[in-house]
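Residues per chain are reported as follows:
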Amino acid sequence: MLPFALAYFLSHIYRSANAVIAPDLVESLGLSAADLGLLSSTFMLAFAIAQLPLGVLLDLLGPRRVNAALLLIAASGGLLFALSSHVTTMAIARAMMGIGVAASLMAALKAMANEFPPHWMMPMHSIMVATGGVGAIVATAPLETIVRLFGWQAVFLLLAVATLIASMVLLVSAPEVKNPRRNTSWCQELAGLKSALSHWFFIGVGPAVGLLQGGFMAIQTLWAGPWLYMVVGLNRMQVGYSLLLMAAGMVAGYLINGFLGAKAPKWGINPIAVALTGAGLLLVTFATIILMGAQAPLTLWVIYGFFGTSAPMSFALIGQEVPIKYVGRVSTSMNFLVFSIGFLFQWGIGEIIRFCTKSSYSLSTEHAYQMAFSITWFLQLGGWVWLARTTLLMRRLTLTKST
């Protein structure tokens, strides 16, 4: 799994880098909050769209080939972004990055389902996503140091080279899928996609995870940085340090949630209930940050990062709840929801901030951010309610079976 872990590590750097370089982009390109949100969110939009054919490709061709090929697109996007100075070209480059790393976690999940027994899935998933969390850590204070010394363009040049190496390592080292299903047609596979999308697990968990995790990612990968910079008034080094601590909270959350998810069935607890509890605490923490505004302590952001890892626990259950032939399609369909909703959140927050500061209402910067974050919170609350409904239905089904 190490080749897949390297690719997923890099994907988090691509995803989170704009939170650190946002002040540089605003200064050098003269971007507004809406422009910054749109430029950054093209990554998530392209990532989401790529999920639609990705599940079929993973099931047909296997995770090794698909992931290695897409990483070449990410490397090209990183190079183009580093060499560009026009907003449109940079948005295209961000979209290429999103497509290029779209398979990083999904390919790993598919490889896990092929290589490991079901009871290994939760701990393996937690290790994999914790590796991605380390990438998010690198995309904070360490990345800020590189930006300060060499400029933001150097970051993406280094990323392009590292991604090219990761693609080669994956192609040479990762295991081939044991039973590729090549004697089929796209019509058959699309029919299978319809069956996957109608599976109870996708319907019951997918929309909830999309709202909860999409909102969290929009904040963690972009808007937490401008909040700390514009609302709290921290300097660049302090912002990088704060984002590092939040990412460290994420890594701790991934590892602890993985442990709890693996132990929960032995304690007679559904892992979805653990995810629901953690997501509830995420919303409580986020609401406290919004209400306290500029006075919110850094500790709350670390706690926010920790509980932001709760909803994705649901992905580790796909291999247990979904037939193996549909694992790739269900996982990528759920990922499509997460990143498409994340795109809408990331872009929408910027539009709300722009409207609140430029309209006749002319709110202060702090109040504009609070308004945008509050709308995000209420939508995430809807996702939590949906997940609570699914948890109750699963509990009733379990009790009925035991009876």
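Residues numbered from 1 in each chain as written. Predicted model: local features only at pLDDT ≥ 70, side-chain atom pairs only at ≥ 80, totals over all residues. Heavy atoms only, no water.

S.K.: Summarise empty space enclosed by the protein; cite the residues concerned and give the values.
M.R.: Scanning all chains against the criterion turns up three cavities of 30 Å³ or more. Of the pockets and cavities examined, the largest cavity occupies roughly 210 Å³. In terms of lining, the largest cavity is formed by 21 residues, of which the most central are Y8, R15, L105, N335 and F339. Counting only elements with at least two residues in the lining of the largest cavity, the list comes to helix 1 (2–29), helix 5 (104–115), helix 10 (200–232), helix 11 (236–263) and helix 15 (327–358). Its residues assigned to classes, the lining of the largest cavity comprises 14 nonpolar, six polar and one charged. (1 Å grid on protein atoms, 1.4 Å probe; cavity = no way out; pocket = protein on both sides within 12 Å on 5 of 7 lines; lining within 4 Å. Points joined across faces, edges and corners; volume = space filled by probe spheres on them. Helix = DSSP H or I, 4+ residues; strand = E, 2+ residues; numbered from the N terminus. Nonpolar A, V, L, I, M, F, W, Y, C, P; charged D, E, K, R; others polar.)

S.K.: Which residues make up helix 11, and what values do they have?
M.R.: Taking 1.5 Å per residue as the helical rise, helix 11 with its 28 residues ought to reach 40 Å, and the 41 Å between its terminal C-alpha atoms agrees with that figure. Between a side-chain oxygen at the N-terminus of helix 11 and the backbone nitrogen of M237 the separation is 3.2 Å; the capping residue is N235. (Expected span 1.5 Å × (residues − 1). Polar contact = N/O pair within 3.5 Å; in protein donor to acceptor, adjacent residues only side chain to side chain.)

S.K.: Give a description of the side chain of T285 that names residues and reports values.
M.R.: Note on placement: T285 falls in helix 12 (residues 271–292). Since its relative accessible area comes to 8%, T285 is described here as buried. Discounting chain neighbours no more than four positions away, the residues touching T285 are L300, I303, Y304 and F307. (Buried < 20%, exposed > 50% of the residue type's maximum accessible area, 1.4 Å probe, protein only. Contact = heavy atoms within 4.5 Å.)

S.K.: Mind laying out the confidence of the model for the protein, listing which residues take part and the relevant values?
M.R.: Do not read the fine detail of predicted coordinates wherever pLDDT is low. Across the protein, the average pLDDT comes to 87, with 93% of residues at or above 70. The spread of mean pLDDT over the elements of the protein runs between helix 9 (residues 186–197), the lowest at 70, and helix 13 (residues 298–307), the highest at 96. (pLDDT = per-residue confidence, 0-100.)

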